[in-house]
Amino acid sequence: MAFNLSTPVEIQQALGVRLREQRLAQSLTQRELAQMAGLSLGALRKLETDGQCSLETLVRAAQALGLLEALDDLFVLKRQSIAQMEQVDLVSRRQRAPRKRAS
């Protein structure tokens, strides 16, 4: 499923399904994964059912399943041209977002 045209709820649900598929591929029960990840069984069930969870819960589950590499490219700035690289360099030095001017 490509996320381009999906709603946030659809993306959450898809991630929950993907996580469940990974757990099943590793022949783990929900209880086993929850224990490995240091999560409550309810938190893991909620994640797999509808994708509702905290970021920490998602990271713990991914870590327990050995899927942290899948998160490596998440939100990494992609540099494609020299102009974009210069812009990224300027942005990375900036401490705050610029203030909006009153009109």
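To keep things clear, this report deals only with the structure shown in the data block.

Calculation criteria
- Residues numbered from 1 in each chain as written.
- Predicted model: local features only at pLDDT ≥ 70, side-chain atom pairs only at ≥ 80, totals over all residues.
- Heavy atoms only, no water.
- Helix = DSSP H or I, 4+ residues; strand = E, 2+ residues; numbered from the N terminus.
- Buried < 20%, exposed > 50% of the residue type's maximum accessible area, 1.4 Å probe, protein only.
- Contact = heavy atoms within 4.5 Å.
- Areas by Shrake-Rupley, 256 points an atom, 1.4 Å probe, with all protein chains shown as cover.
- Salt bridge = Lys/Arg side-chain N within 4 Å of Asp/Glu carboxyl O.
- 1 Å grid on protein atoms, 1.4 Å probe; cavity = no way out; pocket = protein on both sides within 12 Å on 5 of 7 lines; lining within 4 Å.
- Points joined across faces, edges and corners; volume = space filled by probe spheres on them.
- Nonpolar A, V, L, I, M, F, W, Y, C, P; charged D, E, K, R; others polar.

Concerning the overall build of the protein chain
Step number 1: Helix and strand content of the protein chain: 5 helices and 0 strands.
Step number 2: Helices and strands appear in the protein chain in the N-to-C order α-α-α-α-α.
Step number 3: Counting only residues that meet the buried cut, the protein chain has 21% of its 103 residues in that class.
Step number 4: Across the protein chain, every contact between residues at least 6 apart in sequence was considered, and the portion connecting residues at least 24 apart equals 42%.
Step number 5: About 8,300 Å² of surface is accessible on the protein chain, with carbon and sulfur atoms providing 53% of the total.

Some words on the pattern of salt bridges
Step number 1: All told, the structure shown has 3 salt bridges when counted by the stated rule.
Step number 2: Across the pair arginine 23 and glutamate 48 runs a salt bridge whose closest N-O atoms are separated by 2.6 Å. Highlighted residues: arginine 23 in helix 1 (residues 8-25) and glutamate 48 in helix 3 (residues 41-50), separated in sequence by 25 residues.
Step number 3: By relative accessible area, which is 5% here, glutamate 48 ends up buried.

Observations concerning the layout of surface pockets
Step number 1: Reported here for the largest pocket is a volume of approximately 740 Å³.
Step number 2: Secondary-structure elements contributing two or more residues to the lining of the largest pocket are helix 1 and helix 4 (55-64).
Step number 3: With 6 residues, the single largest contributor to the lining of the largest pocket is helix 1.
Step number 4: In terms of residue class, the lining of the largest pocket is built from 15 nonpolar, 5 polar and 2 charged.

Focus: the environment of phenylalanine 3
Step number 1: Following the sequence through the fold, phenylalanine 3 ends up in the segment before helix 1.
Step number 2: Since its relative accessible area comes to 29%, phenylalanine 3 is described here as partly exposed.
Step number 3: Between the C-alpha atom of phenylalanine 3 and that of alanine 14, which follows or precedes it by 11 residues, the distance is 9.1 Å.
Step number 4: If we ignore the near neighbours within four places in the chain, the residues touching phenylalanine 3 are Ile11, Ala14, Leu15 and Arg18.

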